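The chain contents come next:
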Amino acid sequence: MSRGRMRWLATLLVMAHFALALHYSIWNPAGEAPDEADHWAYVVYLARERSLPEGPQVTQGKHPPLAHIGAAALASLAEPAFDFLRANPDVQIQPEANWSPNFFIHTQREAFPWSGSVLAFHLARLWSVLMSTATVAAVYALANAAWPRQPGLALTAMGVAAFLPELAFLGGAVSNDSPAALFGTLSLWGALVIFRASAANAQRRLHRALGGTALALGLGLLAKASTAALWPAVAMAIFLGALCAHHRKTTRVGWKTAWDATLTSWRRWLLHGALVFVPALVIASPWLWRNWRLYGDPTGMALVRQTVDLRTTPWTWADTAWLLKGWFLSFWGKFGGAGHIPMADWVYALLAALTALSLLGYLHSWKARAPDERVALAVLATALFGAAFGVWRYSLVALGTDQGRLLFPALGAIVVLWLEGLQRWAFFRRALAAAALLVFLAGLSVYGLVGVILPIMAPPKPVEWTPRLHQVEPLDFGELSLVDWSLGEEVVLYWRSNRAPTQDWRTTLRVVAEDGSLAWEWRRSPGYGRWSTDRWPEGVVVEDRYRIRWPAWAGPGRYLVEVGLQVYDGEYATPLQAGQAIAAPFAPLGWIER
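Since the model is a prediction, treat every value here as computed from it, not as a measurement. (Residues numbered from 1 in each chain as written. Predicted model: local features only at pLDDT ≥ 70, side-chain atom pairs only at ≥ 80, totals over all residues. Heavy atoms only, no water.)

1. So, the overall build of the protein
For the record, the criterion: Helix numbers and strand numbers start at the N terminus; a helix is a DSSP run of H or I with at least 4 residues, a strand a run of E with at least 2. Buried, partly exposed and exposed residues are distinguished by accessible area as a fraction of the type maximum, computed with a 1.4 Å probe on protein chains only: under 20%, between the cut-offs, and over 50%, respectively. By definition, residues are in contact when any of their heavy atoms lie within 4.5 Å. The Shrake-Rupley method, run with a 1.4 Å probe sphere, supplies the accessible areas, and residue values consider only the shown protein chains as cover.
Of the regular secondary structure elements, the protein holds 17 helices and 14 strands. Reported as C-alpha extents along the three principal axes, the dimensions of the protein are approximately 100 × 55 × 50 Å. Counting every position in the protein, which comprises 594 residues, the buried fraction comes to 55%. Partitioning the contacts of the protein with sequence separation of at least 6, the portion at a separation of at least 24 is 74%. Surface exposure of the protein reaches about 26,300 Å², of which carbon and sulfur atoms provide 63%.

2. Examining the nonpolar core
Quick reminder of the rule: Here the nonpolar core consists of buried residues drawn from Ala, Val, Leu, Ile, Met, Phe, Trp, Tyr and Cys, with membership extended through side-chain atoms lying within 4.5 Å.
With 101 residues, the main nonpolar core has Leu 380, Leu 411 and Leu 441 as its most contacted residues. A per-element tally of this core places helix H17 (residues 431–457) first, with 11 residues. Apart from residues lying up to four places away in sequence, Leu 411 is in contact with Thr 135, Val 139, Leu 164, Leu 167, Ala 181 and Phe 331. Listed in part, the 33 residues of the second largest apolar core include Ala 519, Ala 554, Val 567 and Ile 582.

3. Overview of the side chain of Gln 403
The line we're drawing: As used in this structure description, the phrase polar contact means that two N or O atoms lie within 3.5 Å; if the pair is within protein, one of them must be able to donate a hydrogen and the other to accept it, and residues adjacent in sequence are counted only when both atoms belong to side chains.
Position of Gln 403 relative to the elements: it lies in the loop between helix H15 (371–395) and helix H16 (411–422). Within the local environment of Gln 403, its side chain forms a polar contact with the side chain of Arg 405, the two groups lying 2.7 Å apart. Sequence-distant contacts of Gln 403, that is, excluding residues within four places in its chain, are made with Pro 34, Trp 327 and Ser 330.

4. Here's the deal with the packing of aromatic side chains
Operational definition: When the centres of two rings from Phe, Tyr and Trp lie within 6.5 Å, Trp using its six-membered ring, the rings pair. Their planes under 30 degrees apart give stacked, over 60 give edge-to-face, and anything left gives tilted.
For the structure on display, the rule yields 15 aromatic pairs. Aromatic side chains Phe 169 and Phe 335 sit 5.1 Å apart centroid to centroid with 85° between the ring planes, which places their arrangement in the edge-to-face category. With a gap of 166 residues between them, Phe 169 in helix H6 (residues 165–170) and Phe 335 in strand E3 (residues 334–335) connect regions that are remote in the sequence. The burial state of Phe 169 is the same as that of Phe 335; both residues are buried. On the basis of an interplanar angle of 65° and a centroid distance of 5.0 Å, the ring pair of Trp 332 and Trp 418 is categorised as edge-to-face.

5. Things to note about the pattern of salt bridges
Applicable threshold: We define a salt bridge as a contact between a side-chain nitrogen of Lys or Arg and a carboxyl oxygen of Asp or Glu at a distance within 4 Å.
By the definition in use, this model includes 20 salt bridges. Across the pair Asp 544 and Arg 524 runs a salt bridge, and its minimum N-O distance is 2.7 Å. With Asp 544 in strand E10 (residues 541–547) and Arg 524 in strand E9 (residues 518–524), this residue pair connects regions lying 20 residues apart in the sequence. Side by side, Asp 544 and Arg 524 carry an identical accessibility label, which is buried.

6. Quick word on the sheet that holds E10
Sheets are built from strands that pair by backbone hydrogen bonding, the pairs being arranged parallel or antiparallel. Our working rule: Paired strands, in this sense, are two strands between which DSSP finds at least two bridges.
Taken in spatial order, the 6 strands line up as E10-E7-E6-E5-E12-E13 in an open sheet, and their pairing is antiparallel. Taken across any chain shown, the strands that pair with only one partner, and hence form the sheet edges, are E10 and strand E13 (580–581). The pairing of strand E5 (residues 475–476) with strand E6 (residues 480–486) spans 2 bridges and is classified as antiparallel. Bridging across to E6, Leu 475 finds its partner in Leu 482.

7. Focus: the environment of Trp 495
Here Trp 495 lies in strand E7 (residues 490–497). Assessed through its relative accessible area of 0%, Trp 495 is described here as buried. Distance from Trp 495 to Tyr 559, taken between C-alpha atoms, is 23 Å for residues 64 residues apart in sequence. Polar contacts involving the side chain of Trp 495 include one to the side chain of Asp 544, which spans 3.4 Å.

8. Here we look at the confidence of the model for the protein
To keep things clear, this is the line we draw: You can read pLDDT as the predictor saying how much it trusts each residue, on a scale of 0 to 100.
For the protein, per-residue confidence averages 91 on the pLDDT scale, and 94% of positions sit at 70 or higher. Within the model, the stretch residues 249–259 combines pLDDT values under 50 with 5 contacts to residues more than four positions away or in other chains.

In structure tokens:
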């Protein structure tokens, strides 16, 4: 394939990923990505205060600020504020009947065309789109540096990254995962260029690589501290490059020669290491010094412990299995605010089969690899295991670490290693097989948005209501009426819009004992928080189910069920029944026996 055609295809893949991530950023509801609301709060603080937060109030303030500064710069073109994300009290992580997977209630304010703080939020998402798109290009460069004699591998690796569903998803979210992937991939690319330039004695290219790698490592630390897990891999590339430069001067081989080379070339690898790691530390030093001054150590772990759910039990083999399974599934793609919305099981089964083939490919043709390819493999594998070890160590402190995005500093290494293992089988070296693989992954990325996120975040279907439970006089609250209800251990309400509502209404259901004691109360957006009332058309009827959670003190007896309707952060509406106003904001629905 000619260079011109390679560049054309590479440009096409970059554009394809940009379009994918942009569509995720547009259509995935606001706040419905891992920690996105907290990251947005950090961005808003930076944009409005023009300073870094201190303490645990801004939870993502534990992270270095580079990724969030870029998002804040774009968000500042509008009016960044944390005033439109409204928590959904009915959110559920595990699927069940009437599942509410959304962490937030999405009102008409979030609808297009965006303005104010919602526009600022989408501008912040655009920053992540740009970062993930740059990551795709960086993967191409990394694969080319790892296996320069296999240009097809580099292009296909670029395609795998472009169509990785999780990268497209997080690339469309306010997060620091895409910048971590970008700077991690650039660091590894620079490390392999240092190795090859040292081995070839290409001094000009070596000097550029040393400076570029130092910059990537330093900026990586300022984007996400977990990129430090790649430093051993970079050090390995520098060391092996110096050894290879020495080997060019001798024809002897063996362990003694290798040891002599290590001793003889120490000035070279020590100098190159200093030229990379010292500037990187200097770049990151303001953040490290700030952590030391405020929290007593450069990493700021004292602050981290205040902002995460801490592990309180010893680590077990079951935890290891849980961690590995979670990494695998969510690296390819799990969606939602807690990474709790999976793709279909068959998708992961097929990806697991391909991964098994990739691992077998390394065993199948290990001896066929040239020495420089083995070095590249060792560097990339060290990066992968370094990132995995770092997350495992963090897992001893914090819960919820079974997310593949935490391995994103090594995303480039993972993609290149996975694909290279597959291409050790003759079938996958065919252009048609590579094209089929990319078409499959592109389809998965589209399916993740169109076939998973959009359907599961869609509002519940309205019910075809007829007065079938018992003859009751509807309660008129103005824009909404309660036209029917059923009482028992499960309370079912039927709300109808008298006209297209303009307000985000919240129901409050109360269970009160005969002596006036409040036994239970729940406040929500009708319909499990999945369909904000200001999006309802006129005349729609929505079913609203409640399971009463009885307190321990509630014994047998009669309990009164009451309902009220309130504008979000506003006043309760006065209910009318048969044209008569009910004095209290809570209208009685009837008694239940327990």
